[in-house]
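The residues making up each chain are set out below.
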Amino acid sequence: MDDMDAIYRSHAQTVYKFLRAQCRDPDLAEELTQETFYQAVRSIDRFDGTCKLSVWLCQIAKHLWYQHLRKHQRETAALETALEHTASSAEEGVLEQEGWITLLRQIHNLPQLSREVVYLRAFGGLSFREIGDVLGKTESWARVTFYRSKEKLRNGGHEDEK
C-alpha cells in the first residue's frame, strides 16, 4: 500500500465503472473517481484490511456520490426557491411599477400648489415648515394642503364626496 500509484492503476477502472453505473455521467464519474483516490490517500491509515481494497475504495466512492446527490438536491431546491421568489418578485415589481405610475398620474392631476406640496413632502422629504417657507405660505397651510391632497389621492384623484 506504499505505492498509491500502483493502487490507482489497479483499481481506478473499477471505481470509475462503479461510479459510472451510479451517476450515468462520464465526466462526473471521472471527477468522483479522482476525489475517491484523493480521500483514500488522506485516510489510508484507516484502512484495516478487513475487506478488499477495491471494496474500501468503492465505499469511499459511494459516500462521495451520496454527498454529491445531497449537495445537488440542496442546490436544486435553492434554485427552485429562488426562481419562485424571482417570479413572484417580478410580478410584484410590475404591479408595484403600475401602482407608482398611477399614483404619479394622480399627483400630476392635482392643482399646482397641491402637487408641489406633495412633491416636496413625499419626494423631497421637507418638513411642513420648510414647505411653507419655500412656497411663501404658513406651516399650517402646508399641513392642511398636504392632508387634503393625500385624501384626494386616496379617493382615486376625485374630490371627497361627503
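For every chain, the first residue of the written sequence is number 1, and numbering continues from 1 along that sequence. The model is predicted, so local features are restricted to residues of pLDDT at least 70 and side-chain atom pairs to those at 80 or more, both for listing and for counting; the totals for chains, interfaces and linings are taken over all residues. As a rule here, side-chain values cover all heavy atoms of the structure and leave hydrogens and water aside.

Visitor: Explanation requested: the overall build of the protein chain in the structure shown.
Guide: The way it works is that DSSP assigns letters per residue, a run of H or I at least four long becomes a helix, a run of E at least two long becomes a strand, and they are numbered from the N terminus. Along the protein chain, the regular secondary structure elements total six helices and zero strands. Of all 162 residues assigned to the protein chain, the portion counted as buried reaches 27%. Only heavy atoms enter the contact rule, under which two residues are in contact if any of them lie within 4.5 Å. Put simply, of all contacts in the protein chain between residues at least 6 apart along the chain, 49% involve residues at least 24 apart. Residue burial considers only the protein chains on display, and all accessible areas are found by Shrake-Rupley using a 1.4 Å probe. When the accessible surface of the protein chain is totalled, it reaches about 11600 Å², and 51% of it is carbon and sulfur. Between buried and exposed lies partly exposed: a residue is buried under 20% and exposed over 50% of the maximum accessible area for its type, with that area taken using a 1.4 Å probe on protein chains only.

Visitor: How should I be thinking about a negative patch on the surface in this particular structure?
Guide: Each patch is built from salt-bridge-free residues with over 30% relative accessible area, joining like charges within 9 Å and nonpolar side chains (Val, Leu, Ile, Met, Phe, Trp, Tyr) within 5 Å. Salt bridges are counted wherever a side-chain nitrogen of Lys or Arg sits within 4 Å of a carboxyl oxygen of Asp or Glu. Only four residue types enter the tally: Lys and Arg on the positive side, Asp and Glu on the negative side; His and the chain ends are excluded. Taken as the charge location is NZ of Lys, CZ of Arg, CG of Asp or CD of Glu. On the surface, Asp-25, Asp-27, Glu-30, Glu-31 and Glu-35 cluster together into a negatively charged patch. On the secondary structure map, Glu-31 appears in helix α2 (residues 26-42).

Visitor: Can you walk me through the nonpolar core in this structure?
Guide: Within soluble globular proteins, side chains that are nonpolar tend to cluster in buried spots. Here, nonpolar core means buried Ala, Val, Leu, Ile, Met, Phe, Trp, Tyr and Cys residues that are tied together by side-chain atoms lying within 4.5 Å of each other. With 20 residues, the main nonpolar core has Val-15, Leu-19, Trp-56 and Leu-57 as its most contacted residues. Listing elements by their share of this core, those giving two or more residues are α1 (4-23), α2 and α3 (53-108). Counting residues per element, this core draws most heavily on α3, at eight residues. Aside from chain neighbours lying at most four places away, what touches Trp-56 is Ala-40, Ser-43, Ile-44, Phe-47 and Cys-51. Counting residues in each nonpolar core, the second largest holds 11 residues, with Leu-110, Val-117, Phe-128 and Ile-131 among its members.

Visitor: Just to check I follow, could you spell out helix α5 (residues 128-135) for this structure?
Guide: Working note: α-helix, 3.6 residues per turn, so residues spaced by three or four point in the same direction. All of the buried residues in α5 are Phe-128, Ile-131, Gly-132 and Leu-135. An end-on view of α5 places all buried positions within 100° of arc, on one side of the element. Those residues of α5 that are exposed and angled more than 90 degrees off the buried face are Arg-129, Asp-133 and Val-134. Residues of α5 that are buried make contact with α4 (112-123) and α6 (139-154). Backbone geometry just downstream of α5 places Gly-136 in the positive-phi region, at approximately 70°. Taking the helix axis as origin, the arc is that swept by the directions to the C-beta atoms.

Visitor: For this particular structure, what's the right way to read the packing of aromatic side chains?
Guide: Ring geometry is summarised as follows: Phe, Tyr and Trp rings, the Trp one being its six-membered ring, pair when their centres sit within 6.5 Å, and such pairs are stacked at plane angles under 30 degrees, edge-to-face over 60 and tilted between the two. Inspection of every chain in the model, using the stated rule, returns three aromatic pairs. Seen from their ring centres, Phe-47 and Trp-56 are 5.1 Å apart, and the 50° between their planes marks the pair as tilted. For Trp-56, a relative accessible area of 14% corresponds to the buried category. Both a distance and an angle decide whether a charge sits over a ring: NZ of Lys or CZ of Arg must be within 6 Å of the ring centre and within 35 degrees of the ring normal. We note Arg-121 situated over the ring of Phe-128; from NZ or CZ to the ring centre the distance is 4.1 Å. Above the plane of the ring of Trp-141 lies Lys-137, whose end atom (NZ or CZ) is 5.4 Å from the centre.

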